[in-house]
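Residue strings, one per chain:
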Amino acid sequence: KENCFTPSTQHTAPINQNFSTPPHSFCIILYLWKMKWLIDLLRIKSWIKNGFLFLPLVFAMKLLSFDLFSKTILAFIAFSFACSFIYILNDVFDAEKDKLHPRKKDRPIPSGAVSKSMALGIAIFLLLLSVGISLFFKLSLQFLFITLLS
């Protein structure tokens, strides 16, 4: 029986659709729910404070400048990946202490949802992605080094 995680073999018109297969939007929601551990590991909720990178554009009244805005978006993404790298390293090194904490024990690493080695692999990937974005788009690496040193 087909479900969200098996490829569909049916390529007929929508009128002949097999309704035992969940709708596509339901599959996306289910998949994202199963990826919740990754969202928690990256601490995407904490990325909101990286929005301060846009303040110079606001105060200089250059928010509508496509070149500056697009570079700031790329810097936001690269900076957020670098921050997630730090968050993951912190979680890996503090996993044993976090297991005893009432709230932190539910994070992906202390709870066992993600192994330390998998978390470190993701962290290294994020760091490389962050540096790669910065180099490819000729962004300043200074903010990354400040992040890594903090």
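For the structure itself, consult the block above.
Just so it is clear, the structure is predicted and the values come from calculations on it, not from any experiment.

1. Focus: the packing of helix 4 (residues 66–93) against helix 7 (residues 116–136)
Relative orientation of the contacting elements helix 4 and helix 7 amounts to 155 degrees, with a least axis distance of 8 Å. When the axes of helix 4 and helix 7 are compared, the pair comes out roughly antiparallel. Relative to helix 7, helix 4 is oriented so that their crossing is left-handed. Here L74, I77, A78, F79, F81, A82, S84, F85, I88, L89 and V92 of helix 4 lie close against helix 7, whose contacting residues are K116, A119, L120, I122, A123, I124, L126, L127, L129, S130, I133 and S134. Tallied by class, residues from the contact of helix 4 with helix 7 come to 19 nonpolar, three polar and one charged.

2. Observations regarding the packing of aromatic side chains
For the structure shown, the criterion picks out four aromatic pairs. Between F54 and F69, the ring centres sit 5.7 Å apart and the planes meet at 50 degrees, which makes this aromatic pair tilted. In this pair, F54 sits in the loop between helix 2 (36–42) and helix 3 (55–59) while F69 sits in helix 4, placing the two residues 15 residues apart along the sequence. A relative accessible area of 17% means that F54 is categorised as buried. Pairing F54 with F76 gives two aromatic rings, centres 6.0 Å apart and planes at 45 degrees, and the pair type is tilted. Here F54, found in the loop between helix 2 and helix 3, pairs with F76, found in helix 4; they are 22 residues apart in sequence, far enough to count as distant.

How each quantity is defined
- Residues numbered from 1 in each chain as written.
- Predicted model: local features only at pLDDT ≥ 70, side-chain atom pairs only at ≥ 80, totals over all residues.
- Heavy atoms only, no water.
- Axes fitted to C-alpha atoms, helices over the stretch in contact; angles between N-to-C directions.
- Helix = DSSP H or I, 4+ residues; strand = E, 2+ residues; numbered from the N terminus.
- Parallel < 35°, antiparallel > 145°, perpendicular 65-115°, else oblique.
- Left-handed = near helix turned anticlockwise from the far one by under 90°.
- Contact = heavy atoms within 4.5 Å.
- Nonpolar A, V, L, I, M, F, W, Y, C, P; charged D, E, K, R; others polar.
- Phe/Tyr/Trp six-rings, centres within 6.5 Å; stacked < 30°, edge-to-face > 60°.
- Buried < 20%, exposed > 50% of the residue type's maximum accessible area, 1.4 Å probe, protein only.

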